[in-house]
Amino acid sequence: MDKGTEPPPEAVSRHPTLFRAIRRRRNPRLRRSDITVTDERAVKRAVKAASLGNAMEWFDFGIYAYLAGTIGRVFFPSGSETAQLLSSFATFAVAFLVRPLGGMVFGPMGDKVGRKKVLALTMILMAIGTAAIGLLPTYAAVGFWSPLLLILFRLLQGFSTGGEYGGASTFIAEYAPDKRRGYFGSFLELGTLAGYTGAAGLVTALTAWLGTGTMDAWGWRIPFLVAGPLGIVGLYLRLKLDDTPAYLKLGEGNVHVNEAANSVETTARGDLLRIFRQHWRPLLLCIALVGAYNVTDYMLLSYMPTYLSDELHYTETHGLLILVATMALLMLIINQVGRLNDRYGRKPLLMTGMLGFFLLSAPAFLLVRQGSLLGVSAGMLMLGLSLVCLLGTMSAALPAMFPTSVRYGSLSVGYNLSASLFGGTTPLVITALIGATGSDMMPAYYVMAAALVGVVAVACMKETAQQPLEGSPPSVQTEKEAADMVEARAPTPKF
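Residues numbered from 1 in each chain as written. Predicted model: local features only at pLDDT ≥ 70, side-chain atom pairs only at ≥ 80, totals over all residues. Heavy atoms only, no water.

> Can you walk me through the overall build of the protein chain in this structure?
Secondary structure summary: the protein chain contains 23 helices and 2 strands in total. Among the 495 residues that make up the protein chain, the fraction classed as buried is 54%. For the protein chain, long-range pairs separated by at least 24 residues make up 84% of all intrachain contacts whose partners lie at least 6 apart in sequence. As presented, the protein chain carries roughly 21000 Å² of accessible surface, and 64% of it is formed by carbon and sulfur atoms. (Helix = DSSP H or I, 4+ residues; strand = E, 2+ residues; numbered from the N terminus. Buried < 20%, exposed > 50% of the residue type's maximum accessible area, 1.4 Å probe, protein only. Contact = heavy atoms within 4.5 Å. Areas by Shrake-Rupley, 256 points an atom, 1.4 Å probe, with all protein chains shown as cover.)

So, in structure tokens, the structure goes:
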């Protein structure tokens with residue numbers, strides 16, 4: 001008898017004892033030992049270390065985005081300014097081509113050798129790739145070897161980032177109690193914003209201090225070289241992480257943990273076919289959600305300073321300052337969004353963000369096009385408030401879409417495939433569309449199209465707030481909560 005089919009009533013009436021035993025095996029009574037009681041101090045340490053490490057990763061990645069114009073002039077000197085910018089953004093997009101490969105490699109590796117070791121390895125690779133870019137010779141010195149080496153180290157950055165989000169979000173999701181997964185998960189994206197803000201702040205300060213000419217000559221190297229010491233800090237933080245309790249218990253003989261170990265073993269063998277064959281629906285949903293989220297994310301956090309300088313002729317410093325102010329505001333409220341989606345659900349917050357981008361992108365860009373400080377700030381704020389609804393919710397919603405047996409691998413593949421197709425290409429596509437149509441409203445139209453896809457995806461997803469992760473036992477904060485849960489689910493005695 002298949003799990004999803006009901007037995008014929010006549011069979012049940014003839015063999016009641018047999019079918020009661022089958023039902024008990026499928027739905028065993030919840031025992032206290034099945035429930036994970038989290039240690040809040042351990043959870044906070046894990047969340048802090050994962051988020052700080054994530055901030056280091058995105059600091060490295062953000063540097064390139066905010067130096068796109070300078071990179072174009074240093075490594076692609078021939079042609080028009082548009083051609084230079086397109087070449088720079090194309091190199092930015094190149095890193096995303098290998099992200100799915102990184103996810104396929106690091107996802108199973110994290111299940112085999114532990115989350116902590118893989119997250120430390122991604123930190124090392126990102127720091128090496130970023131610092132190496134800061135040491136590269138320019139096009140004027142070595143010709144075509146310069147952009148070739150740039151592409152090589154961008155590929156290294158992208159490969160390491162492929163193991164970042166899936167590992168960090170899975171790590172936090174598996175540590176956090178069910179009723180606060182949104183709140184703790186929001187710290188992961190707080191780290192992303194902190195990394196971007198640090199990168200934008202450093203580039204802004206250097207540009208204001210050194211000037212464009214000096215930045216083109218040698219100043220552009222400084223932010224990349226800072227990645228070396230920051231990488232050591234990030235590595236230290238990640239090596240101090242404890243692996244999730246589920247991973248540490250794999251050899252202890254618990255029945256439920258042994259089942260998890262068998263599932264992990266399957267994923268570790270690289271059974272990607274199983275993911276695509278058996279879990280293609282949540283995988284497609286994940287790709288759609290992440291695609292919409294990444295287009296809006298990279299448009300605002302990566303492309304907008306270039307849009308302000310190239311299309312509206314703001315100075316690079318002025319555009320970055322406005323973005324830094326916007327991101328600082330988002331950092332102040334993102335944890336509140338996490339609390340809200342724990343209380344009211346993931347879907348309402350995600351739908352608010354997607355509808356915000358669909359309805360407000362055109363008005364926001366019309367305000368930005370006015371060119372005044374007030375108009376630009378208001379437009380950026382409208383987009384930022386829509387984005388923070390997604391930022392504060394995605395890291396809790398995405399891991400819950402997949403069962404434990406395939407969570408790490410599925411999330412790594414789905415997230416990085418979508419980020420590769422829609423995230424890193426966003427600055428390139430928008431720049432090309434503006435060049436082809438001559439309309440500086442193209443960013444708004446592109447984001448609206450992505451948001452419409454996101455609206456449909458959110459409508460199709462299941463609500464997972466305050467529920468155990470699929471394939472995992474309940475996770476609570478206190479012993480009393482565990483006891484109350486066991487009592488609530490105990491069968492009612494019959495007399």
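> Which parts of the structure should I look at to understand the confidence of the model for the protein chain?
Reading predicted coordinates in detail is not appropriate for stretches of low pLDDT. With 84% of its residues at a pLDDT of 70 or more, the protein chain has an overall mean of 80. Element-level pLDDT for the protein chain is lowest in helix H14 (residues 255-268), with a mean of 43, against a maximum mean of 94 in helix H18 (residues 346-369). This model gives residues 253-270 a pLDDT under 50, and the stretch forms 20 contacts once residues within four places in sequence are excluded. (pLDDT = per-residue confidence, 0-100.)

> Would you explain helix H3 (residues 40-66) in this entry?
An α-helix turns once per 3.6 residues; consequently, residues spaced three or four apart project the same way. Here H3 spans 37 Å end to end across 27 residues, near enough to the 39 Å set by a 1.5 Å rise per residue. Burial analysis of H3 places 21 of its 27 residues in the buried class, the great majority of the element. (Expected span 1.5 Å × (residues − 1).)

> Would you take a moment to explain the side chain of Thr 464 for this structure?
Looking at the element boundaries, Thr 464 is found in the loop between helix H22 (442-460) and strand S2 (475-476). By relative accessible area, Thr 464 is classed as buried at 13%. Excluding residues that lie within four positions of it along the chain, Thr 464 makes contacts with Arg 346 and Ala 400.

> Is there a simple way to think about helix H9 (residues 145-161) in this case?
When the terminal C-alpha atoms of H9 are compared, their 24 Å separation across 17 residues agrees well with the 24 Å that a helix rising 1.5 Å per residue should span. Of the positions making up H9, those classed as buried are Ser 146, Pro 147, Leu 150, Phe 153, Arg 154, Gln 157, Gly 158, Ser 160 and Thr 161. Axial view of H9: buried residues confined to an arc of 160 degrees, hence all on one face. (Arc of directions from axis to C-beta.)

> Would you mind going over unusual backbone geometry with me for this structure?
Here Gln 466, not a glycine, exhibits a phi torsion of approximately 65 degrees, which is positive. Position of Gln 466 relative to the elements: it lies in the loop between H22 and S2. With relative accessibility at 40%, the residue Gln 466 sits in the partly exposed group.

> Looking at this structure, I do not really get the nonpolar core. What am I missing?
One broad trend across soluble globular proteins is that nonpolar side chains are buried collectively. Ranked by internal contacts, the top residues of the largest apolar core, which has 116 residues, are Tyr 66, Leu 289, Leu 301, Met 304, Tyr 307 and Leu 398. Broken down by element, the residue count for this core peaks at 17 residues, all from helix H16 (residues 280-310). (Core = buried A, V, L, I, M, F, W, Y, C linked by side-chain atoms within 4.5 Å.)

> Sorry, what's going on with the pattern of salt bridges here?
Where charged atoms of side chains with opposite charge meet at close range, the side chains can pair. Using the criterion set out here, one finds 5 salt bridges in the structure. In this structure, Glu 40 and Arg 180 form a salt bridge, with 3.6 Å as the shortest nitrogen-oxygen distance. You can see Glu 40 sitting in helix H3 and its partner Arg 180 sitting in the loop between helix H10 (164-175) and helix H11 (181-219), a full 140 residues away along the chain. Taking relative accessible area as the criterion, Glu 40 reaches 36% and is therefore assigned partly exposed. (Salt bridge = Lys/Arg side-chain N within 4 Å of Asp/Glu carboxyl O.)

> Hey, could you run me through the packing of H3 against helix H12 (residues 221-239) in this one?
In helix packing, the relevant descriptors are the interaxial angle and the interaxial distance, both defined with respect to the helix axes. The geometry of H3 relative to H12 is characterised by a closest axis approach of 9 Å and an angle of 165 degrees between their N-to-C directions. Here H3 lies roughly antiparallel to H12, going by the angle between them. Crossing geometry of H3 relative to H12 is assigned as left-handed. Note on element contacts: H12 touches H3 through Pro 223, Phe 224, Val 226, Ala 227, Leu 230, Val 233, Gly 234, Leu 237 and Arg 238, opposite Ala 49, Ala 50, Leu 52, Gly 53, Asn 54, Met 56, Glu 57, Phe 59, Asp 60, Ile 63 and Tyr 64. Here the residues of the contact of H3 with H12 are counted per class, giving 14 nonpolar, 3 polar and 3 charged. (Axes fitted to C-alpha atoms, helices over the stretch in contact; angles between N-to-C directions. Parallel < 35°, antiparallel > 145°, perpendicular 65-115°, else oblique. Left-handed = near helix turned anticlockwise from the far one by under 90°. Nonpolar A, V, L, I, M, F, W, Y, C, P; charged D, E, K, R; others polar.)

> Help me out: how do you make sense of the environment of Arg 343 in this one?
You can see Arg 343 is positioned in helix H17 (residues 316-344). For the pair Arg 343 and Tyr 183, spaced 160 residues apart in sequence, the C-alpha to C-alpha distance is 9.8 Å.

> Whenever I open this one, the packing of helix H21 (residues 426-437) against H22 confuses me. Can you help?
With their axes 9 Å apart at the nearest point, H21 and H22 run at an angle of 130 degrees to one another. In terms of orientation, H21 lies oblique with respect to H22. Seen along the crossing, H21 lies across H22 with a hand that is right-handed. Of H22, the residues touching H21 (which contributes Thr 426, Val 429, Ile 430, Leu 433, Ile 434 and Thr 437) are Met 442, Pro 443 and Tyr 446. Within the contact of H21 with H22, the residues separate by chemical class into 7 nonpolar, 2 polar and no charged.

> What should I look at first to understand the environment of Val 337 in this one?
With respect to the helices and strands, the residue Val 337 is situated in helix H17. Sequence-distant contacts of Val 337, that is, excluding residues within four places in its chain, are made with Leu 349, Val 388, Cys 389, Gly 392 and Thr 393.

> Looking at this model, I keep getting lost on the packing of aromatic side chains. Mind explaining?
Here the distance between the centres and the angle between the planes together describe a pair of aromatic rings. The final tally for this structure, using the stated rule, is 8 aromatic pairs. The interplanar angle of 75 degrees and the centroid separation of 5.4 Å between the aromatic rings of Phe 75 and Trp 220 together place this pair among those described as edge-to-face. Placement of Phe 75 in helix H4 (residues 68-75) and of Trp 220 in the loop between H11 and H12 is noted, with a sequence separation of 145 residues between them. With relative accessibility at 0%, the residue Phe 75 sits in the buried group. (Phe/Tyr/Trp six-rings, centres within 6.5 Å; stacked < 30°, edge-to-face > 60°.)

> Whenever I open this one, the environment of Ala 140 confuses me. Can you help?
Topologically, Ala 140 is positioned in helix H8 (residues 139-142). Separated by 64 residues in the primary sequence, Ala 140 and Phe 76 place their C-alpha atoms 9.5 Å from one another.

> What is the right way to look at the side chain of Glu 164 in this model?
Inspection of the secondary structure puts Glu 164 in helix H10. Residues contacting Glu 164, with those up to four places away along its chain left out, are Asn 54, Glu 57, Leu 119, Thr 122 and Arg 238.

> Looking at this structure, how should I read a nonpolar patch on the surface?
Together, Tyr 139, Val 142, Phe 144, Trp 145 and Leu 148 give the surface a local cluster of nonpolar side chains, amounting to about 500 Å² of exposed area. Of all the secondary structure elements, the ones that give two or more residues to the nonpolar patch are H8 and H9. Position of Val 142 among the secondary structure elements: in helix H8. (Patch = residues over 30% accessible without salt bridge, like charges linked within 9 Å, V, L, I, M, F, W, Y side chains within 5 Å.)

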